[in-house]
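The chain contents come next:
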Amino acid sequence: MRKIALAAAIALAASATAPAIAATAVEPPAQEWSFDGVFGTFDRNQLKRGFQVFREVCSACHSLKLVAFRNLKDPGGPEFTEAEAKAIAAGFQVPSLDDTGQPTTRDGILADHFPLVYPNDIAAHAANNGAAPPDLSLMAKARENGPDYIHAIMVGFHEAPEGFTVPEGAHYNEYMPGHVIAMAPPLKDGQVEYAEANVPRTVDQYGKDVAAFLMWAAEPKLEARHRLGMGVIIFLSLLSVLLFLSYRRVWRNIDH
Amino acid sequence: MASGPSTYTPSNGFMRWLDARLPIVRFANDNLLSFPTPKNLNYAYTFGAILFYCLVIQIVTGIVLAMHFIPNSALAFGSVEYIMRDVNYGWLIRYIHMNGASFFFIAVYVHIFRGIYYGSYKAPREILWILGVIIFLLMCATGFLGYTLPWSQMSLWGANVITNLLGALLGQDFTQWLWGGYSVDNPTLQRFFSLHYLLPFVILGVSVLHVWALHHVGNNNPTGIEPKGPQDTVPLMPYYTTKYYFVIALFTIAFAAVVFYAPNLFGHVDHYVEGNPLKTPAHIAPEWYLAAFYAMLRAIDFNFILDSKVLGVLVMVGAIGILFLVPWLDTSKVRSARYRPVFWWCFWIFVADYAVLSWAGLQPAGVVLFQTGVGEDGNPVGFSITHLSQIGTIYYFGFFLLIMPLLGLFETPRPLPDSIATAVLAKKKGGAAAPAGAASAPETRV
Amino acid sequence: MSAATHDEATRRDFLYVFSGAAAGVGVAVTAWPFIDQMNPSAATQALATTEVPLAPIAEGQQITVMWQGKPTWVRRRTAAEIEQVRAMSNSELKDPQPDQERVKKPEWLVVIGICTHLGCIPNRDNAGQPGGYLCACHGSVYDASGRILRGPAPLNLAVPPYEFVSDTLIRIG
């Protein structure tokens with residue numbers, strides 16, 4: 001009886017704890033992702049499309065410094081072929097030294113990471129009105145509901161509502177905390193030409209694809225993790241049953 | 001170490017020779033095999049073994065991570081990501097270590113609350129309890145130091161806030177000494193890494209003392225009555241060791257579920273943003289296991305003799321410090337809450353209070369829960385997180401300083417069973433034919 | 001002992017043995033990630049190739065490049081040096097191997113410059129063997145093909161895997 005009363009008290013306490021935070025950001029609408037759930041895996045084609053959006057649009061300003069070109073061919077990712085990954089790498093210029101020791105650039109190789117867009121932080125600030133574009137390697141884990149958030153930012157640009165003043169040089173975005181974002185709307189319908197004929201060329205689709213790609217960039221071992229976890233939990237469940245039976249057997253003649 | 005005479009007989013000439021010189025086999029036999037353990041210990045009593053398991057996991061994974069981690073403010077964040085991306089199984093080992101801390105604290109909280117519920121701190125177990133509180137303190141320190149190592153936004157600003165807290169009490173010279181500079185920077189990270197590596201081994205050492213104290217006085221048990229003879233106990237091996245294996249496997253299932261399917265459940269998103277000394281995150285939160293203490297700190301938003309900042313730190317320090325006095329604050333002669341009807345309620349309210357404080361410590365300061373109006377500045381006013389934390393803090397201290405001493409004087413305990421064996425027998429018969437005392441025990445299983 | 005109790009004992013033993021074995025397998029499998037983490041990481045493996053342009057190397061000259069963190073020599077041998085090492089008979093060698101098997105083009109010697117004795121780096125030194133190498137640590141002497149002639153080292157200098165991408169570029173690894 002007392003236990004029931006206790007449970008009721010806890011339930012009451014829990015229900016009273018939904019806080020009325022004056023939110024300045026709108027919760028990003030939840031999307032369906034192929035990598036959700038315990039069996040979740042990335043959709044290779046989606047990652048390739050997302051990479052295309054990143055390459056053609058985002059990479060003009062945003063770096064991806066924790067990801068290496070070799071990762072593009074790793075299992076569990078976009079799984080480009082080695083030749084494709086090499087060609088992608090060669091399309092980027094990475095810092096190097098020439099024969100006289102002077103700084104120069106060379107074509108990227110598989111071992112290189114995606115290069116920085118700006119040589120340093122000061123340059124990044126200076127070139128962007130004081131708002132340096134953040135590195136995107138971990139963006140999908142650095143925001144609550146990261147992939148939903150990235151997609152929401154992509155589709156969240158529109159005219160500021162009546163009475164809301166957007167500072168000079170900034171833009172209104174429904175899903176940005178505070179609604180003011182320095183980034184100009186990066187995408188428009190039809191901007192990125194997908195090779196796949198049946199995929200819509202819309203901002204919504206681009207946003208989903210690039211969010212999936214960035215989720216992989218932030219968590220490249222997600223598929224291996226989901227796979228290994230299944231085996232571990234099945235094994236531990238069977239082991240628990242065996243150990244429970246052993247335990248019961250040891251105690252069978254003892255009152256306790 | 002173990003109480004009572006040793007049951008070990010060397011089996012052959014060599015063992016007799018060894019036993020006369022280094023009685024290590026006798027020691028293992030008396031403490032790990034034949035140690036007499038009350039036969040009525042329930043699952044809440046398995047958490048000591050689980051905690052040892054957690055400590056081993058954290059030490060093993062920690063040693064491995066230290067092989068790849070770079071304690072340098074410019075490189076630390078990148079080296080953690082290197083572990084996550086490039087080191088073979090690095091992601092697995094790092095996620096185990098990261099979530100291992102949370103599971104360690106889940107287990108230690110069950111262990112502590114179990115100790116309070118069954119009065120396990122009462123004579124002759126005061127030293128056992130105090131050693132436990134020291135381990136808890138060391139765990140808090142280790143957890144905090146580990147939190148700073150990835151040098152993320154959360155790490156950097158968590159380190160800032162906590163060291164400034166200590167500075168409020170001990171002055172600026174102290175913080176500069178602690179930081180090794182004029183702000184939280186590379187020297188801070190390096191020394192925090194060194195200490196984070198050291199403290200677990202100190203925990204291990206104190207744990208040995210903790211077990212020594214336990215084996216000297218023997219286990220408490222759910223009835224709170226000391227065993228009266230062999231009919232009340234069973235040898236540790238195989239009876240409790242098999243039980244430990246089983247619960248450790250169960251515990252590992254829960255642990256694995258988080259590591260593999262929700263590895264960032266206990267974490268904060270700002271842990272994935274590299275530390276930036278020029279920008280504070282919108283909302284700094286400690287790890288959940290320290291959040292209750294953080295809530296008590298923030299509850300003090302008023303000056304009372306002392307400045308609120310100093311007072312807040314004193315309250316927070318006092319919240320842990322008071323645990324050292326618990327054996328002498330509780331005046332009841334009866335150990336187990338099973339036989340203390342009023343204390344039973346006070347205990348569960350205390351558990352709920354601690355949960356509410358933990359939750360409050362994770363929320364942004366000043367959030368209004370129940371709005372009663374609008375202030376002059378246009379912001380909502382009403383019952384806020386701070387008010388909730390204040391009520392929680394009052395109950396926290398009230399539980400120890402008022403309830404524990406007074407209840408022992410005024411509460412009428414239920415009659416105790418004669419012995420563990422009679423209590424067990426009563427449970428077995430469903431209480432029908434049991435002595436009056438045992439039959440009225442409110443719950444037969446805890 | 002009755003048959004019934006005997007059966008029970010067997011069944012009980014089987015349960016314990018089986019549980020223990022299962023737990024043992026679990027622990028053994030769990031050990032693997034903790035061992036494998038010390039193997040070269042993906043980043044280290046990715047840097048396992050080095051490209052060396054040959055044009056700047058003059059006849060008789062040798063350059064040292066890093067391959068897998070090891071000093072690797074790329075040497076352009078003179079005609080006289082080639083003739084000398086090819087004239088050596090197997091009976092004079094501790095670790096017999098014709099020079100033809102150690103190079104892809106007679107002019108170019110590519111070897112890892114680590115003494116096969118205890119890992120020191122030998123020097124070019126004419127005192128031990130004209131055009132050869134001498135390891136200062138324990139006096140091992142190698143010829144201009146990197147073959148061990150005298151001293152404690154047991155084996156010839158190792159030849160890394162490499163290929164000629166073009167006439168003027170090799171890729172080691």
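Everything below is about the structure printed above this text.
From a predicted model like this one, the values you see are computed outputs, not experimental measurements.

Participant: In this structure, what is going on with the sheet that holds strand β9 (residues 162–166) of chain C? I would like to understand it.
Facilitator: Adjacent strands of a sheet pair through backbone hydrogen bonds, lying either parallel or antiparallel. Residues and elements named next belong to chain C. Taken in spatial order, the three strands of this open sheet run β1-β10-β9, and their pairing is antiparallel. The sheet is open, and its two borders are formed by β1 (50–53) and β9, each paired with just one other strand. The sheet shows a mean angle of 25° between the axes of neighbouring strands, taken without regard to direction. Examined bridge by bridge, β9 and strand β10 (residues 169–172) share four bridges and lie antiparallel to one another. Counterpart to phenylalanine 164 in the pairing with β10 is isoleucine 170.

Participant: Can you walk me through the interface of chain A and chain C in this structure?
Facilitator: Listed by partner, the interface residues are eleven residues for chain A and 14 residues for chain C. For the pair chain A and chain C, the two sides together bury roughly 1,100 Å², of which 67% comes from carbon and sulfur. Of all residues in chain A, A:Arg70, A:Leu242 and A:Arg249 bury the most surface against chain C, accounting for 45% of the area lost on that side. Summed over the shared surface of chain A and chain C, the number is zero salt bridges. Applying the counting rule to chain A against chain C returns two residue pairs in polar contact (both at pLDDT 80 or more).

Participant: Explain the nonpolar core here, please?
Facilitator: One broad trend across soluble globular proteins is that nonpolar side chains are buried collectively. With 189 residues, the main nonpolar core has A:Leu72, B:Ile116, B:Phe293, B:Tyr396, B:Phe399 and B:Phe400 as its most contacted residues. Per-element accounting of this core gives the leading share, 16 residues, to helix α5 (residues 90–117) of chain B. Excluding residues that lie within four positions of it along the chain, B:Phe293 makes contacts with B:Tyr109, B:Phe136, B:Met316, B:Ala319, B:Ile320, B:Tyr354 and B:Tyr396. Among the nonpolar cores identified, the runner-up in size contains twelve residues, and C:Leu54, C:Ile112, C:Tyr162 and C:Ile172 belong to it.

Participant: Is there a simple way to think about the state of the cysteines in this case?
Facilitator: What is meant by a disulfide is a covalent connection between two cysteines, made through their sulfur atoms. Tallying each qualifying case throughout the model produces one disulfide over all chains. Here C:Cys120 is linked by a disulfide to C:Cys137, with a sulfur-sulfur distance of 2.1 Å. Across the disulfide from C:Cys120 to C:Cys137, rotation about the S-S bond amounts to roughly -90°, and the bridge is consequently left-handed. Note that C:Cys120 is positioned in the loop between β4 (108–112) and β5 (123–124) and C:Cys137 in the loop between β6 (133–134) and β7 (141–142), a separation of 17 residues in sequence. Looking at B:Cys140, it has no disulfide partner, and the nearest cysteine sulfur is the one in B:Cys54, 15 Å off. With no disulfide of its own, C:Cys135 lies closest to C:Cys115 among cysteine sulfurs, the gap being 3.8 Å. For C:Cys135, a relative accessible area of 2% translates into the label buried.

Cut-offs used in this document
Residues numbered from 1 in each chain as written. Chains lettered and ligands numbered in written order. Predicted model: local features only at pLDDT ≥ 70, side-chain atom pairs only at ≥ 80, totals over all residues. Heavy atoms only, no water. Pairing = 2+ DSSP bridges. Helix = DSSP H or I, 4+ residues; strand = E, 2+ residues; numbered from the N terminus. Axes fitted to C-alpha atoms, helices over the stretch in contact; angles between N-to-C directions. Contact = heavy atoms within 4.5 Å. Buried area = accessible area lost by both parts, 1.4 Å probe. Salt bridge = Lys/Arg side-chain N within 4 Å of Asp/Glu carboxyl O. Polar contact = N/O pair within 3.5 Å; in protein donor to acceptor, adjacent residues only side chain to side chain. Core = buried A, V, L, I, M, F, W, Y, C linked by side-chain atoms within 4.5 Å. Buried < 20%, exposed > 50% of the residue type's maximum accessible area, 1.4 Å probe, protein only. Disulfide = S-S within 2.5 Å.

Take it as geometry only, folks, not as evidence of what the structure does.
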